[in-house]
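A closer look at the structure
Listed below are the residues making up each chain.
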Amino acid sequence: MYETHSVEPVKDVDVEKRVIRPLASTPNNDFYMSIRDSERIMNPECFSAEVTQFLHDERNHLTKVLLQEQYECIIEVGCHAGHNSEWLAALCTQYIGVDINKAAIDHALQKKPRSGCIDFLCTSVEKLRSLVLPEGKYPRRKLVLFPFNLFGNFINVVELIEMLDMAGVDLAMSNFNTRSDTTIGRYNYYVNCFGNSSIRVYDAEQGVLFKAGQKFRSIAYKPEYLTKLVHDISRHHGIITPFSTYGDLFLLTT
Ligand SMILES: C[S@@+](CC[C@H](N)C(=O)[O-])C[C@H]1O[C@@H](n2cnc3c(N)ncnc32)[C@H](O)[C@@H]1O
């Protein structure tokens, strides 16, 4: 199933039209390594109704898709304190949660069940290579999952896609879509996290980009942009399934 969404005009949110190339040079990793900033973006009290619905529908949709796919190993990047670990672990034989934020991973490790099929690691996505290689210690049939629009936070997406292609792992990216309802829901979410004075919204060539202050950037990719990028630089191919009103799931295999 494939459905494209163009960027719709958004009432009540001041969107600047811009071609943004390269994506940006904002150091998101510094942002997420700070306990306070990372806590706010992952705090359910900051979620707008649209974001809460996105996360609810993301879980239902992923459960259906992953039940069919039967991966041996799921690596969740941006697992934070492990709130998705138990239901994802039930869908594979080995779950590994990875996050750049040490406080979040310490919290996840404290709550972790003794069972060996759940593991947490504090590392950045840029250092995933050793985890995903086929000769590594984890089962071979692996999926690398980027939930909650995390993929739209990365700067070096070309290097990242190339690395995952070389490792031959499947990819799932659960992204916000570019519909106006979603943009309004994201705006309210980021205002709850950062206050409205620091939020900028751009109608960019690649999708709808939000920035907050000097350190945070997050883009909701247009499916056609991300599909072309992946097609041009890697062997990955697959399907995009829109879920709920607010999200698109990209499931890509090599
Ligand atoms: C899932 S993302 C949330 C994105 C946000 N919802 C948005 O609208 O863009 C946040 C989680 O990803 C983690 N994270 C961010 N950058 C990362 C990186 N480079 N490597 C691993 N984890 C990262 C953060 O520490 C945090 O726990």
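Shown above is the structure to which this text applies.
From a predicted model like this one, the values you see are computed outputs, not experimental measurements. (Residues numbered from 1 in each chain as written. Predicted model: local features only at pLDDT ≥ 70, side-chain atom pairs only at ≥ 80, totals over all residues.)

Attention now moves to the nonpolar core. Formed by 65 residues in total, the largest nonpolar core has its most connected members in I74, I75, V77, V144, L145, A172 and F250. Top contributing element to this core by residue count: helix α8 (residues 180-194), with five residues. Apart from the residues within four sequence positions on either side, L145 is in contact with I74, I75, E76, V77 and A172. (Core = buried A, V, L, I, M, F, W, Y, C linked by C-beta atoms within 7 Å. Buried ≥ 20, exposed ≤ 12 C-beta atoms within 10 Å, placed from the backbone. Helix = DSSP H or I, 4+ residues; strand = E, 2+ residues; numbered from the N terminus. Contact = placed C-beta atoms within 7 Å.)

The full set close to the ligand counts 23 residues, and Y32, G78, H80, N101 and S218 are the nearest of them. Only α1 (28-33), α2 (35-41) and β3 (94-99) provide two or more residues apiece to the shell around the ligand. Among the elements that line the shell around the ligand, the one with the most residues is α1, at three residues. The residue inventory of the shell around the ligand, partitioned by class, reads 11 nonpolar, 11 polar and one charged. (Near = placed C-beta within 6 Å. Nonpolar A, V, L, I, M, F, W, Y, C, P; charged D, E, K, R; others polar.)

Our focus in this paragraph is unusual backbone geometry. With a phi close to 50°, H80 is a non-glycine residue in the positive phi region. Residue placement: H80 occurs in the loop between β2 (73-77) and α4 (85-89). Non-glycine residue N149 carries a positive phi angle of around 60°.

Glancing now at the sheet that holds strand β6 (residues 170-176). Paired through backbone hydrogen bonds, the strands of a sheet run either parallel or antiparallel to each other. Read across the sheet, seven strands follow the order β4-β3-β2-β5-β6-β11-β10 without closing on themselves; strand pairing throughout is mixed. Either end of the sheet is taken by a strand with one partner, and the two such strands are β4 (118-122) and β10 (237-243). In this sheet, adjacent strand axes meet at a mean angle of 15° when their direction is disregarded. Bridge count for strand β5 (residues 142-146) against β6 is four bridges, and the pairing is parallel. Residue pairing in the sheet places V144 in a bridge with L171 of β6. (Pairing = 2+ DSSP bridges. Axes fitted to C-alpha atoms, helices over the stretch in contact; angles between N-to-C directions.)

Once that is clear, we can look at the packing of helix α3 (residues 49-69) against α8. Remark: α3 packs on α8, axes separated minimally by 7 Å, with the N-to-C direction vectors making an angle of 110°. Taken together, α3 and α8 sit at an angle that is classed as roughly perpendicular. From α3, A49, E50 and V51 reach across to α8, where they touch D181, T182, G185 and Y189. Looking at the contact of α3 with α8 residue by residue, the classes come out as three nonpolar, two polar and two charged. (Parallel < 35°, antiparallel > 145°, perpendicular 65-115°, else oblique.)

As a further point, take the pairing of strand β9 (residues 216-221). It is a general feature of regular strands that their side chains alternate between the two faces of the sheet. Within β9, six of the six residues are buried, which leaves the element mostly enclosed by the surrounding structure. Side chains F216, S218 and A220 project from β9 onto one buried face, and the interleaved R217, I219 and Y221 project onto a second face that is buried too. Relative to β9, strand β8 (residues 207-212) runs antiparallel, the two being bridged by six bridges. Paired with G207 across the strands is Y221, a residue of β9. Linking β8 to β9, which pair antiparallel, is a turn of three residues; within it G213 sits at a positive phi near 55°.

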